[in-house]
Amino acid sequence: MSGSQHPSDVSGRLNTGVAHNARVWNYWIGGKDHYEVDQHVGDQVATMFPVIRDVARADRDFLGRAVRFLTAGCGIRQFLDIGTGLPTLDNTHEIAQRIAPESRIVYVDNDPIVLVHARSLLVGTPQGATDYIDADVHRPDRVIEGASATLDLERPVAVMMLGILNFILDTDQALDIVRRIMASVPSGSYLAMTHPTTDTDLGGEGNVEAMKFWNENATPPITARTRAEISAFFDGLDLLTPGLVSCSQWRAESASAPVLPQFGAVAVKP
């Protein structure tokens, strides 16, 4: 837990009367860290857009495959996981340190309930390091400053931005945040990202009304983007095979993995 944060600070920021993304997402993937309001909104969204539970699970599965690939296949030993959400089974540090115990992981989030659970994230291998910083992705300089206390930013870092840029409604601002963060890490670093889409070939048209309901009844507000808009986040980077695809199909273990309206990709900084 960040040394500048105290339980009283967190309780003062915690609003249990309005559904919040981290808690609803936790509900969709079968977790227990949510409230009645989160269940109500989550159920309503799932009624409007039934595939959302599959999207939530597929996004989590993408995390596992990406971290294993980056650790075992690419030799990455440092991870910056931005917008980590609530801890669940097989978090980034557990996957990476299972393969390479010396791995160093920094989690970033500014959700109060995530902060409450942060101590569970700080248990890693003695050979490596696991830390959590309370920072807002809208302030990328603060994110990088906090991460530099644990990560060596002269060595490659895997930046994980799974389901976080969709909460930055202004696309130009979201692009600037990605560029600034990737400019702060060296050549050989990676960007792993997932993002919901409205593209019809992935079934994304259902996101429109579901997200409208979400924005009227929950927080923070969310947006989906097209393939072209999401591709722009990887400008200046080299996309790895299979490129920008449905996150459920990115290096999937089964050829029959379904197509879901959530893009996923991993790219390397040349």
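Note that the structure is predicted; figures quoted are calculated from it, not measured.

**Considerations on the environment of Arg 104**
Following the sequence through the fold, Arg 104 ends up in strand β3 (residues 104-109). Separated by 47 residues in the primary sequence, Arg 104 and Leu 151 have C-alpha atoms spaced 6.7 Å apart. Aside from chain neighbours lying at most four places away, what touches Arg 104 is Arg 77, Gln 78, Phe 79, Gly 128, Ala 129, Thr 150 and Leu 151.

**A look at the pairing of strand β4 (residues 129-134)**
The element β4 is largely enclosed, with a buried count of five among its six residues. Where β3 meets β4, six bridges bridge the pair, whose relative direction is parallel. By the bridge assignment for β4, Ile 105 is matched with Thr 130.

**Here we look at the environment of Asp 109**
Inspection of the secondary structure puts Asp 109 in strand β3. A C-alpha to C-alpha distance of 6.8 Å links Asp 109 and Ile 133, two positions 24 residues apart in sequence. What Asp 109 contacts, discounting residues up to four positions off in sequence, is Gly 83, Thr 84, Gly 85, Val 114, Tyr 132, Ile 133, Asp 134 and Ala 135. Of the polar contacts made by the side chain of Asp 109, one reaches the backbone nitrogen of Asp 111; its length is 3.0 Å.

**A look at the state of the cysteines**
Under the counting rule described, the total for this entry stands at zero disulfides. Left unpaired, Cys 74 is separated from the closest cysteine sulfur, that of Cys 247, by 19 Å. For Cys 74, a relative accessible area of 25% translates into the label partly exposed. Residue classification places Cys 247 among the buried positions, given a relative accessible area of 0%.

**What about the packing of aromatic side chains?**
Taken as a whole and judged by the stated rule, the model has three aromatic pairs. Considering the side-chain rings of Phe 69 and Trp 250, the 5.8 Å spacing of their centres and the 80 degrees angle between planes classify their relative orientation as edge-to-face. Taken together, the residues Phe 69 in helix α4 (residues 52-73) and Trp 250 in the loop between β9 (245-246) and β10 (262-268) connect sequence positions 181 residues apart. Feature note: the residues Phe 62, Phe 69 and Trp 250 constitute an aromatic cluster, connected by ring pairs. One cation-aromatic arrangement involves Arg 251 over Phe 69; the distance from NZ or CZ to the ring centre is 4.1 Å.

Rules behind the numbers
Residues numbered from 1 in each chain as written. Predicted model: local features only at pLDDT ≥ 70, side-chain atom pairs only at ≥ 80, totals over all residues. Heavy atoms only, no water. Helix = DSSP H or I, 4+ residues; strand = E, 2+ residues; numbered from the N terminus. Contact = heavy atoms within 4.5 Å. Buried < 20%, exposed > 50% of the residue type's maximum accessible area, 1.4 Å probe, protein only. Pairing = 2+ DSSP bridges. Polar contact = N/O pair within 3.5 Å; in protein donor to acceptor, adjacent residues only side chain to side chain. Disulfide = S-S within 2.5 Å. Phe/Tyr/Trp six-rings, centres within 6.5 Å; stacked < 30°, edge-to-face > 60°. Lys NZ or Arg CZ within 6 Å of the ring centre and 35° of its normal.

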